[in-house]
Amino acid sequence: MLTAGARIVCLRCTAKSKRSGEQCKKPALKTSRTQKCDFHGGRSNGPKTQAGKDRQRAAVTKTGAYTKQAAEDRARSTRLLCGLEDAMYVLKMTTMPRSRGRKPLGYVPLKTVEDVVKFALDNPLHLPEGAGGHQE
Ligand SMILES: [Zn+2]
């Protein structure tokens, strides 16, 4: 937005009114981390205590699908799938086109039979005893 008779270009405060639902019409503070004006906590730099940080985290977490833990779980299972695909190619079990796109975090391609053996030993696919899994 523009202020001072359109001489200064600045960001607008992003606070929203509870009553009218309208966005605050003041310019945001230049130093504001959350793009807010003086009235709407523009000088704040976040919760200080651990309890406050936890409260803030709980307030913005809706499903937990984007937490570091969930992302790591996704990356781990995708790495497993990519590893299986690599293994199929190394062992010449398929000639289908390779899957495209970004590879998961921490993915290391398997290129030799030794890599595949190490991968298979590191990632046992059968469930441990008593896990109620289907046994072959
Ligand atoms: Zn404001």
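Bear in mind the structure is a predicted one, so any value in this text is a computation, not a measurement.

A. Local environment of the overall build of the protein chain. Of regular secondary structure, the protein chain possesses three helices and two strands. For the protein chain, the succession of helices and strands along the chain, N to C, is β-β-α-α-α. By the compact-globule yardstick of 14 Å for 136 residues, the protein chain is too spread out, its C-alpha radius of gyration being 26 Å. If you line up the protein chain on its principal axes, its C-alpha atoms span 75 × 40 × 25 Å. Taken over 136 residues, the protein chain has a buried fraction of 18%.

B. A look at the environment of T31. Tracing the chain through its elements places T31 in the loop between β2 (8-9) and α1 (50-60). Separated by 63 residues in sequence, T31 and T94 place their C-alpha atoms 57 Å apart.

C. Spatial organisation of the layout of surface pockets. A volume near 310 Å³ is recorded for the largest pocket. Together, 14 residues line the largest pocket, and V108, L110, F119, D122 and N123 are the ones closest to its centre. Elements supplying a minimum of two residues to the lining of the largest pocket: α2 (68-90) and α3 (113-122). Per-class residue counts for the lining of the largest pocket are six nonpolar, three polar and five charged.

D. Quick peek at the domain arrangement of the protein chain. Taken domain by domain, the protein chain consists of domain 1 (1-48) and domain 2 (68-122). One C-alpha centre belongs to domain 1, the other to domain 2, and the line joining them spans 47 Å.

E. Geometry of the pattern of salt bridges. A full pass over the atoms with the stated rule returns six salt bridges. Among the salt bridges present, the one from R98 reaches D86, with a minimum N-O distance of 2.5 Å. Within this pair, whereas R98 is found in the loop between α2 and α3, its partner D86 is found in helix α2, the two being separated by twelve residues in sequence. On the basis of relative accessibility, which here comes to 4%, the residue D86 falls in the buried class.

What counts, and where the lines are drawn
Residues numbered from 1 in each chain as written. Predicted model: local features only at pLDDT ≥ 70, side-chain atom pairs only at ≥ 80, totals over all residues. Heavy atoms only, no water. Helix = DSSP H or I, 4+ residues; strand = E, 2+ residues; numbered from the N terminus. Rg over C-alpha atoms; globule rule 2.2 N^0.38 Å. Buried < 20%, exposed > 50% of the residue type's maximum accessible area, 1.4 Å probe, protein only. 1 Å grid on protein atoms, 1.4 Å probe; cavity = no way out; pocket = protein on both sides within 12 Å on 5 of 7 lines; lining within 4 Å. Points joined across faces, edges and corners; volume = space filled by probe spheres on them. Nonpolar A, V, L, I, M, F, W, Y, C, P; charged D, E, K, R; others polar. Domains from an automatic or database assignment. Salt bridge = Lys/Arg side-chain N within 4 Å of Asp/Glu carboxyl O.

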